[in-house]
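Topology and contacts: notes
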Amino acid sequence: MIHVAAAVCIRHGKVLLASRPEDKPPAGWEFPGGKLEPGETPQSAAVRELREELDWEVIPLDIIYRIKRPGIILYFVRVIPGNSAAPRPCENQQVKWVDLTPQFPEDMLENDREFWNFLTSR
């Protein structure tokens, strides 16, 4: 079973998304994060992944949603910025802040649709 942490940072009605690096298909936008390493919690994995991929320090809060599918569990971890610095992509990806509206972003990966619907219905 693969465990993956996805960081959810919301500021001023917008949520942070990151593009998947070209060498890691499928292409599209998603919540930034990655696989948990042995002994990691979803919260510590979210912190590590954002530090490695976006050179961005965050403070993890709680797991706000979990999706279990065959072979994978995806944890959505709420985070807040740990300082005033902006995310700086380090792995040839891009980041963007997207309005948090019920309309599912057209270029977002389908795997995140269930969580997007949950997030925008709150």
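Residues numbered from 1 in each chain as written. Predicted model: local features only at pLDDT ≥ 70, side-chain atom pairs only at ≥ 80, totals over all residues. Heavy atoms only, no water.

Attention now moves to the nonpolar core. V8, F31, F76, F115 and W116 are the most contacted members of the largest nonpolar core, which totals 18 residues. Each residue touching F115, except ones within four places of it in the same chain, is listed here: V8, F31, I64, Y65, I67 and F76. Counting 14 residues, the second largest nonpolar core, distinct from the first, contains C9, L36, W56 and V77. (Core = buried A, V, L, I, M, F, W, Y, C linked by side-chain atoms within 4.5 Å. Buried < 20%, exposed > 50% of the residue type's maximum accessible area, 1.4 Å probe, protein only. Contact = heavy atoms within 4.5 Å.)

This part takes up the confidence of the model for the protein. For the protein, mean pLDDT is 94; residues scoring 70 or higher make up 99% of the total. Looking over the protein, one finds the lowest element-wise mean pLDDT in strand β2 (residues 10–11), namely 94, and the highest in strand β1 (residues 2–8), namely 98. (pLDDT = per-residue confidence, 0-100. Helix = DSSP H or I, 4+ residues; strand = E, 2+ residues; numbered from the N terminus.)

One pass over the structure, following the stated rule, counts zero disulfides. For C9, which is in no disulfide, the shortest distance to another cysteine sulfur is to C90 and amounts to 16 Å. (Disulfide = S-S within 2.5 Å.)

Let us now look at the pairing of β1. Of all the seven residues making up β1, five are buried; the element is thus mostly covered by neighbouring parts of the structure. Pairing analysis gives seven bridges linking β1 to strand β7 (residues 72–81), with the strands arranged parallel. Counterpart to V4 in the pairing with β7 is L74. Where β1 lies against strand β5 (residues 33–35), three bridges are found, and the strand directions are antiparallel. By the bridge assignment for β5, A5 is matched with G34. (Pairing = 2+ DSSP bridges.)

Under the criterion given, the structure shown has ten aromatic pairs. Aromatic pair Y65 and F115: ring centres 5.6 Å apart, planes at 50°, arrangement tilted. With a gap of 50 residues between them, Y65 in strand β6 (residues 58–69) and F115 in helix α2 (residues 113–120) connect regions that are remote in the sequence. Assigned by exposure class, Y65 and F115 land together as buried. Ring centres of F104 and W116 lie 6.4 Å apart, and the angle between their planes is 80°; on these two criteria the pair is classed as edge-to-face. With F104 in the loop between β8 (95–99) and α2 and W116 in helix α2, this residue pair connects regions lying twelve residues apart in the sequence. Residues F104 and W116 agree in their burial class; the two are buried. Here a set of aromatic residues connected by ring pairs shows up, and it is made of F31, Y65, F76, F104, F115, W116 and F118. Sitting above the plane of the W29 ring, K96 keeps its charged end 4.3 Å from the centroid. (Phe/Tyr/Trp six-rings, centres within 6.5 Å; stacked < 30°, edge-to-face > 60°. Lys NZ or Arg CZ within 6 Å of the ring centre and 35° of its normal.)

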